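Residue strings, one per chain:
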Amino acid sequence: MNLPELGAFLRTRRDRIRPVEVGLPQGPRRRVPGLRREEVAQLAGLSADYYTELERGGGKHRVQPSTQTLAALARALRLNGDERDHLFRLAERPIPPSAHGPTAHVQPAFLGLLDRLSDTPARVITDLHETLVENDLALALLGASPAHRGPEASFVYRWFTDPQARERYPLEDHPHHSRVFVADLHAAAARRGRDAEVTRMVAVLCRRSPEFAALWNTHDVAVRRMDHKRIVHPALGVIELDCYNLLSEDGRQRLLWFTAPPGSRGAEQLELLSVIGTQDLGVTGDPAPERVPAAESGPQR
């Protein structure tokens, strides 16, 4: 592992990012044009001491960054695909798939849009509905995404295998969401071709969920681009919102956000949600940064 070269690479990537690009104030006393070390650590969900040691080449403790930590740093530093792969090579870690999975590299364009959606719940997900990154309002609205890997990282998978996954949606709306999820998964499976990940997921879901198997056999296909949702919030009750999806060029990632017509009860509830945040709603741990890497509140080191 080339820790000195890795530290130098992180340092140059940090220097090129302006605070305003990631939603941080410029500040009159800033001595460096780019981000401070502690700001990168905050964005990546790491401790400032750990990141400093990593950037300095490992120090006396010879830190060994995990795949999860590297993925969080790639997102925080807005690395493109080539830079992300270079970071993993320097750390001698396997390069994860760039388009899907819990360690997927979020497209920089989506990160830029997510930063601008500060007053509405928004998150970036894969075409298998694995949450990659989200803002505070999405966390407050939908709750924390569980730190799963494999099939369980997919909300579609959990929808049909874990009753708790449905708790934020009224019971009478469940059949609609089931149909939408399966039709969307059909489209993703066709887009990916003979993808082993999707094939295994579908096979397991057909065995474990009669509901899924019946819907899958209808062969209905529809990419989800917009939907009207009712979400059960523990403090604000049922919130009616419109959910929009912006798909990446290859369709494997999407930015989704929730909004409501001005003056509607849903709009008023979103305003209250921004005040309430995650307080007293069962979300534990340190306060999340404005943009929260999914399932990375405590990367393995």
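Model, not experiment: these values are computed from the prediction. (Residues numbered from 1 in each chain as written. Predicted model: local features only at pLDDT ≥ 70, side-chain atom pairs only at ≥ 80, totals over all residues. Heavy atoms only, no water.)

**Some points on the overall build of the protein chain**
As a reminder, the rule being used: Numbered from the N terminus, helices here are DSSP runs of H or I no shorter than four residues, and strands are runs of E no shorter than two. Relative accessibility under 20% of the residue-type maximum defines a buried residue, over 50% an exposed one, and the middle range a partly exposed one, all with a 1.4 Å probe and only protein chains included. Only heavy atoms enter the contact rule, under which two residues are in contact if any of them lie within 4.5 Å. All accessible areas in this document rest on Shrake-Rupley with a 1.4 Å probe, and a residue is counted as covered only by the protein chains that are shown.
If you tally the helices and strands in the protein chain, you get 12 helices and six strands. A buried classification covers 53% of the 301 residues belonging to the protein chain. Looking at the protein chain alone, contacts between residues at least 24 apart form 62% of all its contacts between residues at least 6 apart. Within the structure as shown, the protein chain displays about 14,500 Å² of accessible surface, and the carbon and sulfur contribution to it stands at 51%.

**Side note on the pattern of salt bridges**
Threshold: In the sections that follow, a salt bridge refers to a side-chain nitrogen of Lys or Arg positioned within 4 Å of a carboxyl oxygen of Asp or Glu.
Considering all chains together, one arrives at 16 salt bridges under this definition. With its nearest N and O atoms 3.0 Å apart, the salt bridge here joins Glu 55 to Arg 37. Here Glu 55 is found in helix α3 (residues 48–55), whereas its partner Arg 37 is found in helix α2 (residues 37–44), with 18 residues between them in sequence. Among the residues examined, Glu 55 registers a relative accessible area of 1% and is labelled buried. Each of Asp 127, Arg 191, Arg 192, Asp 195 and Glu 197 takes part in salt bridges that share partners, so that together they form one network.

**Here we look at the confidence of the model for the protein chain**
Reading predicted coordinates in detail is not appropriate for stretches of low pLDDT. Put simply, the rule reads: One number per residue, pLDDT, summarises how confident the predictor is, and it ranges from 0 to 100.
Here the protein chain averages 82 in pLDDT, while 83% of its residues score no lower than 70. Confidence, expressed as mean pLDDT per element, reaches its minimum in the protein chain at strand β6 (residues 291–293) with 52 and its maximum at helix α11 (residues 210–216) with 96. Here residues 280–290 is modelled with pLDDT under 50, and outside its nearest four sequence neighbours on either side it reaches 16 contacts, counting other chains as well.

**So, the packing of aromatic side chains**
Note the following rule: Each aromatic pair joins two rings of Phe, Tyr and Trp (for Trp, the six-membered one) with centres within 6.5 Å, and gets the label stacked for planes under 30 degrees apart, edge-to-face for over 60, and tilted for any other angle. Put simply, a charge is over a ring when the Lys NZ or the Arg CZ is close to the ring centre, within 6 Å, and near the line of the ring normal, within 35 degrees.
Per the stated rule, a full pass over the model turns up eight aromatic pairs. Centroid distance Phe 155 to Trp 159: 6.0 Å. Interplanar angle 55°. Geometry classified as tilted. A residue pair is termed a helical-turn pair when its members lie 3 or 4 positions apart in one helix, as Phe 155 and Trp 159 do in helix α8 (residues 155–161) at four residues. Arranged with centres 5.7 Å apart and planes meeting at 70°, the rings of Phe 155 and Phe 181 form a pair that is edge-to-face. Of the two residues, Phe 155 is situated in helix α8 and Phe 181 in helix α9 (residues 174–192); the sequence distance between them amounts to 26 residues. Assigned by exposure class, Phe 155 and Phe 181 land together as buried. A network of ring pairs unites the aromatic residues Phe 155, Trp 159, Tyr 169 and Phe 181 as a single cluster. Over the ring of Phe 160 we find Arg 166, and its NZ or CZ is 5.6 Å from the ring centre.

**What about the side chain of Asn 245?**
Relative to the elements of secondary structure, Asn 245 occurs in strand β4 (residues 237–247). Residue classification places Asn 245 among the buried residues on the basis of a relative accessible area of 10%. With near-sequence residues (within four places) excluded, Asn 245 lies in contact with Arg 224, Arg 225, Met 226, Arg 254, Leu 255, Leu 256 and Trp 257.

**Digging into the packing of helix α1 (residues 3–16) against helix α5 (residues 81–90)**
Going by this rule: Each axis is a line fitted through C-alpha atoms, taken for helices only over the stretch in contact, and angles between the N-to-C directions span 0 to 180 degrees. To sort the angles, those under 35 degrees are grouped as roughly parallel, those over 145 as roughly antiparallel, those from 65 to 115 as roughly perpendicular, and the leftovers as oblique. In this scheme, a crossing is called left-handed if the near helix is turned counterclockwise away from the far one by less than a right angle; it is called right-handed if the turn is clockwise. Note that Gly is not counted as nonpolar here; it falls among the polar residues with everything else outside the nonpolar set of Ala, Val, Leu, Ile, Met, Phe, Trp, Tyr, Cys and Pro and the charged set of Asp, Glu, Lys and Arg.
Relative to each other, α1 and α5 sit at 150°, their axes nearing to 9 Å. By the criterion of interaxial angle, the relationship of α1 to α5 is roughly antiparallel. Relative to α5, the crossing made by α1 is left-handed. The residues of α5 that touch α1, namely those facing Glu 5, Leu 6, Phe 9, Leu 10, Arg 13 and Arg 16, are Glu 83, His 86, Leu 87 and Leu 90. Per-class residue counts for the contact of α1 with α5 are five nonpolar, one polar and four charged.

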